[in-house]
Amino acid sequence: MCGIVGYIGDKEALPILIDGLKKLEYRGYDSAGIAIIGKDLTVVKTQGRISDLEKKLSTEEIQGTIGIGHTRWATHGIPNDINAHPHFSESKNIVVVHNGIIENYIEIKKMLIKEGKVFRSETDTEVIPYLIEEFYEGDLLKAVNKATDLLEGSYAIAVMSKNERDRFIVVRKDSPLVLGVGDHENFVASDIPALLQYTKDIIILENGDIADIHKDSYTIYDRDLKPIRRNIQRIDWKIEDAQKGGFKHFMLKEIFEEPNVIKEAMRGRIKGDSIEIPELKLTKEELSSINQVYFVACGTAYHAGLVGRYLVEKYLKIPSTAEVASEFRYRDPVIDKHTLLFVVSQSGETADTLAALRLGKAKGAKTIGIVNVVGSSVSREVDNVIYIHAGPEIAVASTKAYVAQVEVIALIVLYMAKILGCLETEEEKHLAKEFNALYDRANNIIQRCGEIADFVSTTKNIEETFYIGRNLDFALSLEGALKLKEISYIHAEGYPAGELKHGPLALITPNSLVIAINTYKPLREKTLSNIKEVKARGGKVLAIAEEGNSNIEEVADRVFYVPKTRDDLAPIVNIIPLQLIAYYMAETRGLDIDKPRNLAKSVTVE
Ligand code: AGP
């Protein structure tokens, strides 16, 4: 997820671009840049934050009343000056900023290199200005339209040409883009906060829209270059609220982003009926030599790794375990070149996880990083990094990153099974269909968040909570308990449902709240009897169950039904009600949900 801005009018573009980018820094902040057409077409860009860009600009006098800008969240190509946007065409007459992922950039790049083109960066984006230039015959709108017709993936782009100083062109497909309509000036941005200081008249572009933007006019076209109308909306949000997309907290915004995150995490990895991980370097021979698999991580990432160990044992038939990195690093694990170490980390900078990675490597393990932040320490030190493309996660409590971590781990394990010849084509086809259905299933749950809020309103005096489940539902129960603890400060314990009678049942009283995750189909009846054990002691039970499993209503106090999902993929969406329980519990307590006490987003010290 990146932030793009554009301006054309009578004012100096530079301050407007910088101000807009600062309002979008929550969308990405590993590198930034601007392009302005004045006497010439000038580009200034840098690794680092907007403030680093401002330092670089302070030595330059850049004047001009048309410009575009970008703040980056890297997906392809580590954060550095060359990979920062804007990107030039080969002649440097055309310049582009882009938010999204071009899935077929490798094929396009190979085609253009064959024609003798020389690229400067490692990014997917750079193929866009090169391609536009291929089609440019004096009309930027037509060239952009032809070039973007060849692109696959998600993109919101702004394009300028030094030969056409009176306009810029924007296109929207899957990545957000809005126009700001001013008085003898017009704006474009990835999100509304960048524009509100200048205009409240906003047009939300839709998929396929291509817009030709001048100082005193704009025209929006469909992909056949037929003019279309889009309504102007008057947006009266405060800027701070706009950065949260109108949500009260970043955490809730990030939960609501999860359907799109699910889509982005599988982009280029589910192709028709096929599961692919193009970035995976392990060969069949190397995979066949693996005789144990570890997942090492901390906190939420560890809970994602727990799901992974179940899937590895089921699909790869290799012994697997998930370990908390702070324990793993101080044990003496029996590891050698036949060990595969998955290192899971949203930030890629967690000290204990890095130490565990280094220990595993020192002992000869093969290492794969499951990481969100491109160019982070974990991503640079593992043998192979697979990014989760969840975009920046601002709230300290991890939500969308967990969803993407579990999804990408599942994709990798299934792809490994395919390489090893233990995934039937029919089963792969069914799995691909199931992955594609996750977007709607996640949306179904999120749209019913009111049911969760309503349930939470009945639990005012709860001071202790148990989360119970079996198998994959147990892995979910640990993550659900962590979410509640870290943002509502209510003590919560995740427990294997079968373990209750071996001690914790002594704690169950009429004041206890038990969240029973009962979606793992093979053990549904077993967990139901554990719920009855709790009810017999007067505990209050909210059950998370699959739609159709109605007999649970006779036992639990409340039931939240989730859409039917294949067990192996169910944690990707069944975590959502647990995240919402934690959110609404904390919200009713008026707590600082995005920045909980005592916690940091990335624990870079021991
Ligand atoms: C999750 O809600 C917590 N903020 C924390 O447990 C986090 O998951 C853990 O610190 C690991 O962080 P990482 O994924 O960046 O390595």
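Participant: I'd love a proper account of the pattern of salt bridges, names of residues and values included.
Facilitator: Inspection of the entire model under this criterion finds 47 salt bridges. In this structure, Lys162 engages Asp40 in a salt bridge whose closest nitrogen and oxygen atoms are separated by 3.4 Å. Highlighted residues: Lys162 in the loop between β7 (153–161) and β8 (164–173) and Asp40 in the loop between β2 (31–37) and β3 (41–47), separated in sequence by 122 residues. Overall, the relative accessible area of 25% leaves Lys162 in the partly exposed class. Across the pair Lys253 and Glu257 runs a salt bridge whose closest N-O atoms are separated by 3.3 Å.

Participant: Please give an account of helix α3 (residues 105–114) that cites residues and values.
Facilitator: Each α-helix winds once per 3.6 residues, and so residues spaced three or four apart point in a common direction. Buried within α3 are the following residues: Tyr105, Ile108, Lys109 and Leu112. For α3, the angular spread of the buried residues around the axis is 100 degrees, confining them to a single face. Those residues of α3 that are exposed and aimed more than 90 degrees away from the buried face are Lys110 and Lys114. Where α3 is buried, its residues meet β6 (94–102) and α4 (127–135). Where α3 terminates, the next one or two residues include Gly116, which has phi positive at roughly 95 degrees.

Participant: Requested: an account of the site of the ligand, with residues and values cited.
Facilitator: Around the ligand sit 13 residues in total, of which Ser345, Gln346, Ser347, Thr350 and Glu486 are the nearest. Contacts to the ligand include Thr300, whose backbone N or O atom sits 3.1 Å from an oxygen atom. In this structure, an oxygen atom belonging to the ligand sits 2.6 Å away from a side-chain N or O atom of Ser347. Elements with a minimum of two residues in the shell around the ligand: α10 (299–316) and α17 (472–488). Among the elements that line the shell around the ligand, the one with the most residues is α10, at three residues. For the shell around the ligand, a count of residues per class yields four nonpolar, seven polar and two charged.

Participant: For the sheet that holds β7, give the residues involved together with the corresponding values.
Facilitator: Two strands in a sheet stick together by hydrogen bonds in their backbones, pointing the same way (parallel) or opposite ways (antiparallel). Reading across the sheet, the seven strands line up as β5-β6-β7-β8-β12-β13-β14 and stay open at both edges, with antiparallel pairing between neighbours. The sheet terminates laterally at β5 (87–88) and β14 (227–228), the two strands that pair on one side only. Pairing analysis gives four bridges linking β8 to strand β12 (residues 210–213), with the strands arranged antiparallel. Its bridge partner being in β12, Ile169 is matched across the sheet by Asp212. In the packing of α4 onto the sheet, contacts are made with β5, β6 and β7, and the angle to β6 comes to roughly 125 degrees.

Participant: Account for the pairing of strand β4 (residues 66–72), with residues named and values stated.
Facilitator: Burial analysis of β4 places seven of its seven residues in the buried class, which makes it a mostly covered element. Judged from the six bridges that link them, strand β1 (residues 3–8) and β4 form a sheet pairing that is antiparallel. Directly across from Tyr7, in β4, lies its bridge partner Gly67. Examined bridge by bridge, β2 and β4 share seven bridges and lie antiparallel to one another. Looking at β4, one finds that Ser31 is bridged to Arg72.

Participant: Please set out the packing of α10 against α17 residue by residue, giving values where relevant.
Facilitator: It is at 9 Å that the axes of α10 and α17 come closest, and there the two elements cross at 175 degrees. Relative to α17, the element α10 is oriented roughly antiparallel. Where α10 approaches α17, its residues Gly299, Thr300, His303, Leu306, Val307 and Tyr310 are matched on the opposing element by Leu472, Phe474, Ala475, Leu478, Glu479, Leu482, Lys483 and Glu486. Among the residues forming the contact of α10 with α17, the class breakdown is eight nonpolar, three polar and three charged.

Participant: Explain the sheet that holds strand β27 (residues 558–562) to me, and be specific about the residues and the numbers.
Facilitator: With respect to topology, five strands assemble into an open sheet ordered β24-β23-β25-β26-β27, the strand pairing being parallel. The sheet is open, and its two edges are formed by β24 (491–496) and β27, each paired on a single side. Recorded for the sheet is a direction-independent mean angle of 20 degrees between the axes of neighbouring strands. Looking at chain direction, strand β23 (residues 464–469) and β24 are connected through six bridges and run parallel. Bridging across to β24, Phe466 finds its partner in Glu493. Packing against the sheet, helix α16 (residues 449–456) makes contact with β25 (513–518), β26 (540–546) and β27, and its axis sits at approximately 160 degrees to β27. Across the face of the sheet, helix α20 (residues 576–588) comes into contact with β23, β25, β26 and β27 while running at roughly 160 degrees to β25.

Participant: Quick rundown of the nonpolar core? Include the residues and the values.
Facilitator: Soluble globular proteins: nonpolar side chains tend toward being buried together. Ile34, Met416 and Phe435 are the most contacted members of the largest nonpolar core, which has 129 residues in total. Here this core gets 15 residues from one element, more than from any other, and that element is helix α14 (residues 400–419). By size, the runner-up hydrophobic cluster in this structure holds 25 residues, among which are Ile128, Leu140, Leu151 and Ile210.

Participant: Help me get a handle on the packing of aromatic side chains, residues and values and all.
Facilitator: Under the counting rule described, the total for this entry stands at nine aromatic pairs. Measuring from ring centre to ring centre gives 4.1 Å for Phe119 and Tyr130, while their planes differ by 20 degrees; the resulting arrangement is stacked. Of this pair, Phe119 sits in the loop between α3 and α4 while Tyr130 sits in helix α4, and the two are 11 residues apart along the sequence. Pair check on accessibility: Phe119 and Tyr130 agree, each one buried. Centre to centre, the rings of Phe247 and Phe256 are 4.9 Å apart; their planes meet at 50 degrees, and the pair counts as tilted. On the basis of relative accessible area, Phe256 is assigned to the partly exposed category, the value being 25%. Site record: aromatic cluster; members linked through ring pairs are Tyr7, Phe187 and Tyr198. Residue placement shows Arg309 over the ring face of Tyr310; its charged tip is 5.4 Å from the ring centre.

Procedures and definitions
Residue positions are counted from 1 within each chain, in the order its sequence is given. Only residues with pLDDT of at least 70 get local features here, since the model is predicted, and only at 80 or more are side-chain atom pairs given and counted; chain-wide, interface and lining totals rely on the full set of residues. For side-chain calculations, the full set of non-hydrogen atoms in the structure is used, while hydrogens and water are omitted. By salt bridge we mean one thing: a side-chain nitrogen of Lys or Arg within 4 Å of a carboxyl oxygen of Asp or Glu. Labels follow the DSSP assignment, with helices taken as runs of H or I lasting at least four residues and strands as runs of E lasting at least two, numbered in each case from the N terminus. In this scheme, a residue with accessible area under 20% of its type's maximum is buried, one over 50% is exposed, and one in between is partly exposed, where area comes from a 1.4 Å probe on protein chains only. Each C-beta atom gives one direction from the helix axis, and the arc is the one those directions make. A contact between two residues is defined here by any heavy atoms of the two lying within 4.5 Å. Near, as used in this document, describes a residue that has one of its heavy atoms within 4 Å of the molecule or strand being considered. Here a polar contact means two N or O atoms within 3.5 Å. Within protein one must be a hydrogen donor candidate and the other an acceptor candidate, and residues neighboring in sequence count only if both atoms are side-chain atoms. Residues are grouped as follows: Ala, Val, Leu, Ile, Met, Phe, Trp, Tyr, Cys and Pro are nonpolar; Asp, Glu, Lys and Arg are charged; every other residue, Gly included, is polar. The criterion for strand pairing is that DSSP finds at least two bridges linking the strands in question. Fitted lines through C-alpha atoms give the axes, limited to the stretch in contact for helices. The angle between two N-to-C directions lies from 0 to 180 degrees. Our angle categories are set so that under 35 degrees counts as roughly parallel, over 145 as roughly antiparallel, 65 to 115 as roughly perpendicular, and the remainder as oblique. Only buried residues count toward a nonpolar core. Its members are Ala, Val, Leu, Ile, Met, Phe, Trp, Tyr and Cys residues joined through side-chain atoms within 4.5 Å. The criterion for an aromatic pair is that two Phe, Tyr or Trp rings (for Trp, the six-membered ring) have centres within 6.5 Å, with stacked assigned to planes under 30 degrees apart, edge-to-face to planes over 60 apart and tilted to the rest. Only when the NZ of Lys or the CZ of Arg is both within 6 Å of the ring centre and within 35 degrees of the ring normal is a charge said to sit over the ring.

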